[in-house]
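# Per-entry structural report
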Amino acid sequence: MSASGFQPFEAIAIVGLGLIGGSVAKDVRRLGLARQIFGYDSNEEYHKDIKSGKLADYLSVTPDKQLTQAELVLLAVPVKSYKEVLPFILQNISPTAILTDTGSVKSPLLKMMCSSEFKKIRFVGGHPIAGSENFGPAASQQNLFSGKRCILTPGEKTNKDWTRVVRGFWESLGAKVSEMDAESHDQMFASVSHLPHILAYACIQAISNTDTQEALGNSGAGLKDFSRIASSSPQMWADIFLENKENLLPRIAAFNEVLSALEETIKKNDKRKLVEMLALSKTARDRWMS
């Protein structure tokens, strides 16, 4: 059911039909949020899954003239691909359409959209906090966004009516929508998302580099739970790390300080200090989870 006051679209376009874009398409169709879905994905290996999953009524590699009919355009491609895709969108988007995105790094795109080249596009940044370690259209699923947070990052000059439309759209997908500025978003997610992902990759790499293959095969649920996100798309996360490196690098440095302190405490065989440090982490997590 649509959010209160939300008017379904005649047509929406989804650029990038992987896990996020494909899941949006499934719920748009299931909930009747648009009469038509125009899909675009540059990975032609995905097209078979897109068609079999009925994720789009029209499918092409890059945004084309069909895009002019869309009232909402959702950009759901890796953040480093924005520069490649936006010129095609600029050429074909309706002047009355709204463009939003799903990227987990907001400041670079907002800066780009404020430039003279793109400032005529009605843009509202967005980031649904949903997903999994799986990727591609075959991983898309219904109800992915139900009960999940979605953060909108409108700029100072973003029209409130555009933001209202995008908010209503995500709420119709079941998301709990909030707003914050793009810079604060990127600082926050460098800590709570980007750092954990890079640590998961690093942990598996460290084990692979120092132990036999049998070590991973004999691990328990703890390592599997911790490292699950290391199965995420390397291409996508490399892009995210590089796009948000100004915020991520200080978080890596902070982690290294903590790890070095733990290492030194273990070297000194200082159990009292070690328990104290571990207890601080346990208390912080328990408070977060309560």
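Cut-offs applied
- Residues numbered from 1 in each chain as written.
- Predicted model: local features only at pLDDT ≥ 70, side-chain atom pairs only at ≥ 80, totals over all residues.
- Heavy atoms only, no water.
- Helix = DSSP H or I, 4+ residues; strand = E, 2+ residues; numbered from the N terminus.
- Buried < 20%, exposed > 50% of the residue type's maximum accessible area, 1.4 Å probe, protein only.
- Contact = heavy atoms within 4.5 Å.
- Phe/Tyr/Trp six-rings, centres within 6.5 Å; stacked < 30°, edge-to-face > 60°.
- Polar contact = N/O pair within 3.5 Å; in protein donor to acceptor, adjacent residues only side chain to side chain.

Turning our eyes to something else, we now look at the environment of A190. Assignment of secondary structure puts A190 in helix α6 (residues 182-210). Classification of A190 by relative accessible area gives buried; the value is 0%. Considered as a pair, A190 and G147 are 43 residues apart in the sequence and their alpha carbons are 23 Å apart. Excluding residues that lie within four positions of it along the chain, A190 makes contacts with L195, N244, N247, L248 and R251.

Any aromatic ring pair is given by two values, namely how distant the centres are and how the planes are angled relative to each other. Scanning the entire structure with this criterion turns up 7 aromatic pairs. Ring geometry for F169 and W170: centres 5.7 Å apart, planes at 70°, overall edge-to-face. Geometrically, the ring pair formed by Y201 and F241 is edge-to-face, given 6.5 Å between the ring centres and 85° between the ring planes. With Y201 in helix α6 and F241 in helix α9 (residues 234-243), this pair connects stretches of sequence that are 40 residues apart. An aromatic cluster is defined as three or more aromatic residues linked by ring pairs; in this entry it consists of F9, F145, F169 and W170.

Our next topic: the side chain of H127. Among the secondary structure elements, H127 is positioned in strand β7 (residues 126-128). A polar contact is formed between the side chain of H127 and the side chain of H185, at a distance of 2.8 Å. Setting aside anything within four residues of it in sequence, one finds H127 in contact with D101, T102, G103, S104, K106, R149, C150, I151, H185 and F189.

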